[in-house]
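If you want the building blocks of each chain, they are given just below.
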Amino acid sequence: MPGRIITITSGKGGVGKTTATANLGVALARRGQRVACVDADIGLRNLDVVMGLENRIVYDLVDVVEGRARLRQALIKDKRLPELQLLPAAQTREKSAVDEKQMIKLCGDLKKEFDFVLVDSPAGIELGFKNALAPADEVIIVVTPEVSAVRDADRVIGLVEASEKSPAKLIINRLRPSMVRRGEMMDTADVLEVLAIELLGIVPEDETIITSTNHGQPVTLEDRSAAGAAFTRIAQRLLGEQVPFPVLSDSPGLLERFARLLQRNP
Amino acid sequence: MNFLSRLLGRPPEQESADIAKQRLQLVLAQDRTNISPETLTRLKDEMIEVISHHVEIDRTNVQVSMTHTPQGERLLANIPVLRVRPTERRARERKPTRRATREE
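Just so it is clear, the structure is predicted and the values come from calculations on it, not from any experiment.

Asks: Where do I start with the overall build of chain A in this structure?
Replies: Secondary structure assignment for chain A yields twelve helices and eight strands. At 18 Å, chain A has a C-alpha radius of gyration in line with the 18 Å of a compact globule built from 266 residues. For chain A, the spread of C-alpha atoms along the three principal axes comes to 60 × 40 × 35 Å. In chain A, buried positions account for 52% of the 266 residues. Of all intrachain contacts in chain A linking residues separated by at least 6 positions in sequence, the fraction that spans at least 24 positions is 75%.

Asks: Honestly, the overall build of chain B in this entry has me stumped. Any pointers?
Replies: When helices and strands are tallied, chain B shows four helices and four strands. Shown N-terminal to C-terminal, the secondary structure of chain B runs as helices and strands in the order α-α-α-β-β-β-β-α. Counting every position in chain B, which comprises 104 residues, the buried fraction comes to 16%. Within chain B, counting contacts between residues at least 6 apart in sequence, those at least 24 apart form 46% of the total. On chain B, roughly 8500 Å² of surface is accessible, and the fraction owed to carbon and sulfur atoms is 53%.

Asks: Even after reading the chapter, I still don't get the environment of Phe-116 of chain A, so can you show me in this structure?
Replies: Residues and elements named next belong to chain A. With respect to the helices, strands and loops of the structure, Phe-116 is situated in strand 5 (residues 116-120). Overall, the relative accessible area of 2% leaves Phe-116 in the buried class. Through-space distance from the C-alpha of Phe-116 to that of Leu-84 is 9.7 Å; in sequence the pair is 32 residues apart. Apart from residues no more than four positions distant in its own chain, Phe-116 is found in contact with Arg-4, Ile-6, Leu-28, Gln-33, Arg-34, Val-35, Ala-36 and Leu-239.

Asks: Just checking my understanding: could you explain the interface of chain B and chain A for this structure?
Replies: For an interface, size is often stated in terms of accessible area lost upon the parts coming together. Taken residue by residue, the interface counts 13 residues in chain B and 13 residues in chain A. With both chains or domains summed, chain B and chain A bury close to 1200 Å², and 56% of this area falls on carbon and sulfur atoms. The interface formed by chain B and chain A contains four salt bridges. With a shortest N-O distance of 2.6 Å, Arg-151 of chain A and Asp-31 of chain B are connected by a salt bridge. If you look at where chain B meets chain A, you find eight residue pairs in polar contact (both at pLDDT 80 or more). Sorting elements by how many residues they give to the side of chain B that touches chain A places helix 2 (residues 16-32) of chain B first, with ten residues. Here the residues of the side of chain B that touches chain A sort into six nonpolar, three polar and four charged.

Asks: In this structure, what is going on with the sheet that holds strand 7 (residues 169-175) of chain A? I would like to understand it.
Replies: Adjacent strands of a sheet form backbone hydrogen bonds with each other and so pair up, either parallel or antiparallel. Residue and element names in this part refer to chain A. Taken in spatial order, the eight strands of this open sheet run 3-4-2-5-1-6-7-8, and their pairing is mixed. The open sheet is flanked by strand 3 (76-77) and strand 8 (198-204), the only strands paired with a single partner. In this fold helix 9 (residues 188-195) packs onto strand 6 (138-143), strand 7 and strand 8, with an angle of close to 145° to the strand it touches most, strand 7. Contacts between helix 11 (residues 226-238) and the sheet are confined to strand 1 (4-9), strand 6, strand 7 and strand 8, with strand 8 contributing the most and set at about 160° to the helix.

Asks: I would appreciate a short explanation of the packing of aromatic side chains in the present structure.
Replies: The geometry of an aromatic ring pair is captured by two quantities: the separation of the ring centres and the angle between the planes. A complete count under the given rule lists zero aromatic pairs over all chains for this structure. Here the basic side chain of Arg-237 of chain A rests over the ring of Phe-245 of chain A, its NZ or CZ set 3.9 Å away from the ring centre.

Asks: How do you make sense of the packing of helix 7 (residues 147-162) of chain A against helix 2 of chain B when you look at a structure like this?
Replies: Each pair of packed helices gets described by two things: the angle between the helix axes and the distance between those axes. Two elements in contact, helix 7 of chain A and helix 2 of chain B, have axes whose closest approach is 10 Å; the angle formed by their N-to-C orientations is 30°. Comparing their axes, helix 2 of chain B and helix 7 of chain A come out roughly parallel. Handedness of the crossing formed by helix 7 of chain A with helix 2 of chain B: right-handed. Contacts from Val-147, Val-150, Arg-151 and Asp-154 of chain A of helix 7 of chain A reach helix 2 of chain B at Ala-20, Leu-24, Val-27, Leu-28, Asp-31 and Arg-32 of chain B. Grouping the amino acids of the contact of helix 7 of chain A with helix 2 of chain B by side-chain chemistry returns six nonpolar, no polar and four charged.

Asks: Whenever I open this one, the environment of Glu-161 of chain A confuses me. Can you help?
Replies: Residue and element names in this part refer to chain A. For Glu-161, the location among the structural elements is in helix 7. A relative accessible area of 58% means that Glu-161 is categorised as exposed. Taking the C-alpha atoms as reference, Glu-161 lies 31 Å from Glu-184; in sequence the two are 23 residues apart.

Asks: Quick question: what am I supposed to make of helix 11 of chain A here?
Replies: Along an α-helix, residues three or four positions apart point the same way, because every turn accommodates 3.6 residues. Residue and element names in this part refer to chain A. Here helix 11 spans 19 Å end to end across 13 residues, near enough to the 18 Å set by a 1.5 Å rise per residue. Helix 11 sits mainly inside the fold: eleven of its 13 residues count as buried. Of all the residues in helix 11, the buried ones are Ala-227, Gly-228, Ala-230, Phe-231, Thr-232, Arg-233, Ile-234, Ala-235, Gln-236, Arg-237 and Leu-238. Of the surrounding elements, those touching the buried residues of helix 11 are strand 1, helix 1 (17-30), strand 6, strand 7, strand 8 and helix 10 (207-215). Between the side-chain oxygen at the start of helix 11 and the backbone nitrogen of Gly-228 there is a gap of 2.9 Å, and the oxygen is on Ser-225.

What counts and how
- Counting starts from 1 at the beginning of each chain's written sequence and moves along it residue by residue.
- As they are written, the chains are lettered A onward and the ligands numbered 1 onward, keeping that order.
- Predicted model: local features are reported for residues with pLDDT of at least 70 only, side-chain atom pairs are reported and counted for 80 or more only, and whole-chain, interface and lining totals are derived from all residues.
- Only hydrogens and water are removed before side-chain values are computed, so all heavy atoms of the structure are retained for them.
- Put simply, DSSP H or I for four residues or longer makes a helix, DSSP E for two residues or longer makes a strand, and each gets a number counted from the N terminus.
- Our radius of gyration looks at C-alpha atoms and nothing else; its globule reference is 2.2 Å times the residue count to the power 0.38.
- The classification of residues rests on relative accessible area computed with a 1.4 Å probe and restricted to protein chains. Under 20% of the type maximum is buried, over 50% is exposed, and intermediate values are partly exposed.
- Here, two residues are considered to be in contact whenever any of their heavy atoms come within 4.5 Å of each other.
- We get accessible surface area from the Shrake-Rupley algorithm with a probe of 1.4 Å; when it comes to residues, only the shown protein chains can shield them.
- Buried area: the accessible area, evaluated with a 1.4 Å probe, that two parts lose upon being put together, summed over both parts.
- Any carboxyl oxygen of Asp or Glu that lies within 4 Å of a side-chain nitrogen of Lys or Arg is treated as forming a salt bridge with it.
- Under the rule applied, a polar contact is a pair of N or O atoms within 3.5 Å (in protein, one hydrogen donor and one hydrogen acceptor; residues adjacent in sequence only if both atoms are side-chain atoms).
- Gly is placed with the polar residues, together with every amino acid not listed as nonpolar (Ala, Val, Leu, Ile, Met, Phe, Trp, Tyr, Cys and Pro) or charged (Asp, Glu, Lys and Arg).
- Pairing between strands requires that DSSP locate at least two bridges from one strand to the other.
- Each axis is a line fitted through C-alpha atoms, taken for helices only over the stretch in contact, and angles between the N-to-C directions span 0 to 180 degrees.
- Working definition: rings of Phe, Tyr and Trp (its six-membered ring) pair if their centres are within 6.5 Å, and the pair is stacked with planes under 30 degrees apart, edge-to-face with planes over 60 apart, and tilted otherwise.
- The criterion for a charge sitting over a ring is simple: Lys NZ or Arg CZ within 6 Å of the ring centre, and within 35 degrees of the ring normal.
- The scheme is simple: roughly parallel for angles under 35 degrees, roughly antiparallel for over 145, roughly perpendicular for 65 to 115, oblique for anything else.
- A clockwise turn of the near helix away from the far one marks a right-handed crossing, whereas an anticlockwise turn of less than a right angle marks a left-handed crossing.
- A helix is expected to reach a length of 1.5 Å times the quantity of its residues less one.

Spelled out as structure tokens, the structure:
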């Protein structure tokens, strides 16, 4: 059975596309899925450093497209997770080094070997985005609960619709539950009401993301962090499991902990 | 914050999350329409022209906008009516009298 090509995009930069791609890759691979992460951000490659594989790049996506390397030579195996591999972007080339047809061919080849092909799209809605969108069977849009990110997400949702792909699904990233409680940040319902698309997952703001990225260790490699748990739930949903959306909280207070204890043991 | 201002008897401020949502809904309503502002202005002027034949309207406060609803794009026009044109009213008032004279 061929795999699924999922493009992860956002419109706005800096909302966590690359982090989401790396962590979903890890979460899916941990569940035994064969995953290829493809960095489609040619000229600004970052998926390699977020995944901690930057020192092992020999060939890149453009080398494969231009016939200098075979796909198998360019793919980097993640030693921590044998099911996970990365196809890095070229760093010294421009977005125009590949076109939509080549991306469709490349991802189509990967799809034969992997259960999931996760394409990390560049920000924006220009050439690089179009190249990343072209091969997609499914689209995930990452958004943060901020006006600029939501506005850009809306634009991208429109472009995905216009491309006649199946409707995109949403990851709300970097939600801060305490700010939501104080009415200082839009909550999930607000964002969903405005964007009117299906929710795939909510990832709370988590400092662990920064420290783990410092080390090139996606948080989802371990079970401890809130963000990692959120990405694991998203991976489960992608695999068709029914996973409830838990009420998130950052640093629960004493009262809250007590209330939760009561809920667990009625 | 809310607790403090309540304690101090300040009027409750609108929460910034709500403001964000409202601003987004407005800006997205504009983003989602493909109608250029010029077209929308022309449309509005023509609507005012046609409607003015029949009712007297407050031309300065006419609002025409495109909005996005789950059912699709909607063109919304908000037109304050000052009064029904006297000619219209007269015509309507005249009718029964005429009929009355004919009956006589």
